[in-house]
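Residue-level structure breakdown
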Amino acid sequence: MRAYSTQLSQTVGERKHHLEKGLLILHNRSFLPGSPQQRAMIWLGILLLCLLIAAGTLLYFILYDVCPTCSPGEIAASAWGRLLKEKGMVFALVATPVLLVFFLILAFGSRNRERLILTETGIEFRSPLSGPLNFLHRDWSLQWLEVRRAWIGPMFKFAGGQFTSLFFETGNKRRRILLYPWVDPRHYRPRTLRKEKAYIDALQKQQGPEYKVLTAESAVVRFIAEHVRGVEIEPAPITSTGFALEKNPWALGVVVLFFLLVAYTVIDGFVLIGETYVTRPAYEVFATGGLAAAIVAARLLRARGVPNLESAVLGVLLGAAIGCALYPGVLRLNQWTDSSGLQVHTYQSQGEGRFTPLDESLPELHFDDYPEYWREFGVGEHQDFELRRGGLGFYQLNMGPIHDAIVEHYRYKNRPGREAGKAQPG
């Protein structure tokens, strides 16, 4: 007990001496050891690693099902070759480790370098990014004599309380400091993840004791009030609670419709439908339809009492969902409006997966993937394909028989298969 009292006295004395010198060094709580944010990032990293392992395992078994007698090395080589043919996959493979390295540099720099230093003469911010990366988040300093106005307010319009900032305005520039992240590491006591979430939820409302303490007694505000003369901080305005989407039937309806459209796109676009476009899809029409839907939805929501920011976000989400859903939706509509059904047409191989129709009124077919399979068709060889011309006036190709033939080919040849390509204009 005596040792504890001695330690407490020393801590209080150190703090008093520290403040008497007019110096306070604050750290970003997100990168302090044991903080809820750090624990959340660790769990997020573990979850991401598990997802990557699960995705790789699923891909392996899909390829193994196509070629059960192939060795693991052949299956891995096939999967790698298939990934490299997808530009999006190549970008993801390159961008993911780059972003991971950048995040590790940021985390390491935040823990060891990022500081907010307050003195009786001024304030200094040290960025977590040093050297050649400092231009992304620069160091800066400010003398109290330069400050003409200081006030507390939201980081941006409709921002929650956890983004409450302290603004400094001088004659030619403005600086902003978020209040929530900065703490004195000597006296910071991390909460559990659940308690930290409850605390942030309380701040979000910009009302209540938590928000008042943040804006009136944060380490930055208290230091300025106690040690800086000539700088008066205007208090934070009291705002209403955030808008509840579930309480507005129009906003709730848009949210429900968004998830329904996403589910439809995934199910009908990747699972159910077995037909694809022969010519280039009308991407411009899909994008225009999505943009028009976004504008109409945003204006409609604003007219029904939904705030501007929420209306814009919901409109963009709904527009993107509609634009994506139009891809399988137009195929399905073209199929439903077809009165004659699938028709078998004979094509002549020109080599390398390119086929020209014997009937000149039909479009050419060009298959980019499965080059090993399409090389089996010699130049001049005939092949039948099932095409449909629906009520919308464009042709679509039945990929079911083609997928089956490719799977049987690779099983017979004892070679790993890859995902079938889509017919594209020649």
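Residues numbered from 1 in each chain as written. Predicted model: local features only at pLDDT ≥ 70, side-chain atom pairs only at ≥ 80, totals over all residues. Heavy atoms only, no water.

Before going further, it helps to examine the packing of aromatic side chains. Per the counting criterion, the structure on display carries 21 aromatic pairs. Taken together, a centroid distance of 6.2 Å and an interplanar angle of 35° make the contact between Tyr180 and Tyr199 tilted. You can see Tyr180 sitting in the loop between β7 (174-178) and β8 (182-183) and its partner Tyr199 sitting in helix α5 (residues 193-204), a full 19 residues away along the chain. Owing to a relative accessible area of 14%, Tyr199 belongs among the buried residues under this scheme. Judged by centre distance (4.2 Å) and plane angle (15°), the ring pair of Phe367 and Trp374 falls under stacked. Assessed through its relative accessible area of 3%, Phe367 is described here as buried. Of the aromatic side chains, those joined through ring pairs into one cluster are Tyr347, Phe355, Phe367, Tyr373, Trp374, Phe377 and Phe385. If you follow Arg29 out to its NZ or CZ, it ends over the ring of Tyr180, 4.2 Å from the centre. (Phe/Tyr/Trp six-rings, centres within 6.5 Å; stacked < 30°, edge-to-face > 60°. Helix = DSSP H or I, 4+ residues; strand = E, 2+ residues; numbered from the N terminus. Buried < 20%, exposed > 50% of the residue type's maximum accessible area, 1.4 Å probe, protein only. Lys NZ or Arg CZ within 6 Å of the ring centre and 35° of its normal.)

This part covers the sheet that holds β7. An order of β7-β6-β5-β9 is seen for the four strands of this open sheet, with the pairing classed as mixed. Of all strands in the sheet, those bounded by a partner on one side alone are β7 and β9 (233-234). Against the sheet, helix α7 (residues 219-227) contacts β5 (149-154), β6 (164-169) and β9, and its axis sits at roughly 40° relative to β6. (Pairing = 2+ DSSP bridges. Contact = heavy atoms within 4.5 Å. Axes fitted to C-alpha atoms, helices over the stretch in contact; angles between N-to-C directions.)

Before going further, it helps to examine the side chain of Ser165. With respect to the secondary-structure elements, Ser165 resides in strand β6. Owing to a relative accessible area of 0%, Ser165 belongs among the buried residues under this scheme. Separated by 3.1 Å, the side chain of Ser165 and the backbone oxygen of Phe163 make a polar contact. The contacts of Ser165, once residues within four sequence positions are left out, are Trp151, Ile152, Gly153, Met155, Arg176, Ile177, Leu178 and Leu179. (Polar contact = N/O pair within 3.5 Å; in protein donor to acceptor, adjacent residues only side chain to side chain.)

Let us look at the sheet that holds strand β14 (residues 382-389). Strand order across the open sheet formed by six strands is β10-β15-β14-β11-β12-β13, with antiparallel pairing between neighbours. Pairing within the sheet leaves two strands with one partner each, and these edge strands are β10 (275-277) and β13 (365-366). Sheet topology places β14 next to strand β15 (residues 395-398); three bridges connect them, and they run antiparallel. By the bridge assignment, Arg388 is partnered in β15 with Gln396. Across the sheet, helix α10 (residues 308-336) touches β10, β14 and β15, and the angle it forms with β10 is around 110°.

Another aspect to go through is α10. When the terminal C-alpha atoms of α10 are compared, their 39 Å separation across 29 residues agrees well with the 42 Å that a helix rising 1.5 Å per residue should span. Its maximal kink placed at Leu326, α10 deviates by approximately 40°, while the proline Pro328 follows within four residues. (Expected span 1.5 Å × (residues − 1). Bend = angle between axes of the 7 residues up to and from the residue.)

For the protein, per-residue confidence averages 81 on the pLDDT scale, and residues scoring 70 or more make up 84% of the total. Note that pLDDT drops below 50 for residues 1-20; the model gives that stretch 12 contacts with residues more than four away or on any other chain. Predicted confidence is poor over residues 415-426, with pLDDT under 50, and the contacts of this stretch with residues over four places away or in other chains come to 53 contacts. (pLDDT = per-residue confidence, 0-100.)

With that settled, the discussion passes to the environment of Val306. Mapped onto the elements of the fold, Val306 is located in the loop between α9 (283-303) and α10. Residue Val306 is classed as buried on the basis of its relative accessible area, which comes to 3%. Each C-alpha atom, one on Val306 and one on Asn248, is 7.6 Å from the other, the two residues being 58 residues apart in sequence.

Once that is clear, we can look at the packing of α9 against α10. Packing of α9 against α10 brings their axes to within 7 Å, and their N-to-C directions diverge by 150°. Taken together, the axes of α9 and α10 lie roughly antiparallel to each other. Where α9 crosses over α10, the two elements pack in a sense that is right-handed. (Parallel < 35°, antiparallel > 145°, perpendicular 65-115°, else oblique. Left-handed = near helix turned anticlockwise from the far one by under 90°.)

Moving on to unusual backbone geometry. Within the chain, Glu352 stands out as a residue other than glycine whose phi angle is a positive 60°. Its place among the elements puts Glu352 in the loop between β11 (343-351) and β12 (354-357). Judged by its relative accessible area of 58%, Glu352 falls in the exposed class.

Looking now at α9. Here α9 contains 21 residues, and its C-alpha end-to-end distance of 30 Å stays within 8% of the 30 Å for a straight helix at 1.5 Å per residue. Among the residues of α9, those classed as buried are Phe286, Gly290, Ala293, Ala294, Ala297, Ala298 and Leu301. Within α9, the buried residues cover an arc of 130° as seen down the axis, which keeps them to one side. Within α9, the exposed residues directed more than 90 degrees away from the buried face are Val285, Thr288, Leu291, Val296, Arg299, Arg302 and Ala303. Two residues or fewer past α9, Gly305 is found with a positive phi of approximately 95°. (Arc of directions from axis to C-beta.)

With 29 residues, the main nonpolar core has Leu116, Leu118, Ile123, Trp144, Phe168, Val220 and Ile224 as its most contacted residues. Looking at this core element by element, the count peaks at four residues for α7. Apart from the residues lying within four places of it in its own chain, the contact partners of Trp144 are Leu118, Thr119, Glu120, Thr121, Gly122, Ile123, Phe168, Ile224, Val228 and Val231. In this structure, Tyr373, Phe385, Tyr395 and Ile406 belong to the second largest nonpolar core, which totals 18 residues. (Core = buried A, V, L, I, M, F, W, Y, C linked by side-chain atoms within 4.5 Å.)

Moving on, we come to the environment of Thr356. Within the secondary structure layout, Thr356 lies in strand β12. Taking the relative accessible area as the measure of exposure, Thr356 reaches 14% and is therefore buried. Residues Thr356 and Gly380 lie 24 residues apart in sequence; the distance between their C-alpha atoms is 9.7 Å. Each residue touching Thr356, except ones within four places of it in the same chain, is listed here: Tyr347, Gln348, Gln350 and Glu364. Within polar-contact distance, the side chain of Thr356 engages the side chain of Gln350 at 2.9 Å.

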